[in-house]
Amino acid sequence: ILVELYDRYVPALVTRTRSSSAKTRKQAVAELERLGRHGLKPLLEALADERDPTQRQIAVSVLGYVGNRGAAAPLVNLAKQESPPPPTGRGLRPLTAQEVQWDLRIEALVAAGRLADPRTIPDLLQLSKHSEVAMREAATFALGMTRDRRAIGPLKNALDDKRQSVQALAC
C-alpha cells in the first residue's frame, strides 16, 4: 500500500518542482528528499520483487525523483538484466512480457540518470556500448547527468555513434 501511495504522491510533487513559485518548488524538493530518506527501503524492496510487476514499475517510476543516490545502483542493476530486445514493427498488438521488461529496463536507466550518481559510471560505460539504440541513449543520458569528469571521455566517444539521438544526448 505504501508503494501505491508513493505512486500517487510523487508525481504531484514532481509537478510542483516545476512551479513558477520558488516557495512551492522549494517545499516540493524538500518533501521529495524527505521521501528519499525515509521511503527508500519499501521502494527498493518493490524494485527487487520480480513476482509483482506493478510494484516494480511503480518503484522504477518513483525512485528517480526521490533524490536518494542509494537507489541509483539498484536501478542500473535492473537495467543490466539481460532480456531479449523488443521486436521491431510493433504495430497494434499487445505488448509481450519481454517488451514490458525491456521498457522497464530503459526506464530504470533513465531514473538512475536522474539521481546523478557518479558511482554508477562503470556500469553506465558498459551499457553505453549496448547493441540496442534505446539502451545506448539511456546510458548516454545517465552518463551526462553524473556531471563527473570520468564521463567526459565516454561522452565524447558517443559523439561518434551512428545514431543522431545518441550523439545529441552526448552533447
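Residues numbered from 1 in each chain as written. Predicted model: local features only at pLDDT ≥ 70, side-chain atom pairs only at ≥ 80, totals over all residues. Heavy atoms only, no water.

**Student:** What's the story with helix H5 (residues 72–80) in this structure? I'm lost.
**Tutor:** Given 3.6 residues to a turn, an α-helix orients residues that are three or four positions apart in the same direction. Listed in full, the buried residues belonging to H5 are Ala72, Leu75, Val76, Leu78 and Ala79. When H5 is viewed along its axis, its buried side chains cluster within an angular range of 155° and face the same direction. (Buried < 20%, exposed > 50% of the residue type's maximum accessible area, 1.4 Å probe, protein only. Helix = DSSP H or I, 4+ residues; strand = E, 2+ residues; numbered from the N terminus. Arc of directions from axis to C-beta.)

**Student:** Hey, could you run me through the packing of helix H1 (residues 2–17) against helix H4 (residues 53–63) in this one?
**Tutor:** The description of two packed helices rests on the angle between their axes and on the distance between the axes. Put simply, H1 and H4 touch, their axes get as near as 9 Å, and they point 40° apart. Judged by the angle between their axes, H1 and H4 are oblique. In this structure, the crossing between H1 and H4 has a hand that is left-handed. Facing H1, whose interface residues are Val3, Glu4, Tyr6, Asp7 and Val10, H4 presents Gln55, Ile58, Ser61 and Val62. Among the residues making up the contact of H1 with H4, the classes are represented as five nonpolar, two polar and two charged. (Axes fitted to C-alpha atoms, helices over the stretch in contact; angles between N-to-C directions. Parallel < 35°, antiparallel > 145°, perpendicular 65-115°, else oblique. Left-handed = near helix turned anticlockwise from the far one by under 90°. Contact = heavy atoms within 4.5 Å. Nonpolar A, V, L, I, M, F, W, Y, C, P; charged D, E, K, R; others polar.)

**Student:** I tried to follow the side chain of Asp117 on my own but got confused; where do I start?
**Tutor:** By the secondary structure assignment, Asp117 is in the loop between helix H6 (97–115) and helix H7 (121–127). For Asp117, a relative accessible area of 3% gives the class buried. At 2.8 Å, the side chain of Asp117 forms a polar contact with the side chain of Arg119. Those residues in contact with Asp117 that lie beyond four places of it in its chain are Arg69, Ala72 and Thr146. (Polar contact = N/O pair within 3.5 Å; in protein donor to acceptor, adjacent residues only side chain to side chain.)

**Student:** Looking at this structure, how should I read the nonpolar core?
**Tutor:** One broad rule of soluble globular proteins: the nonpolar side chains tend to lie buried together. By size, the foremost hydrophobic cluster in this structure holds 46 residues, and its most contacted members are Val10, Leu63, Leu75 and Leu109. By residue number, the principal contributor to this core is H6, which donates eight residues. The residues touching Val10, leaving out its near neighbours within four places in the chain, are Leu32, Leu35, Val62, Tyr65 and Val66. (Core = buried A, V, L, I, M, F, W, Y, C linked by side-chain atoms within 4.5 Å.)

Keep in mind that these numbers describe shape and distance, not what the molecule does.
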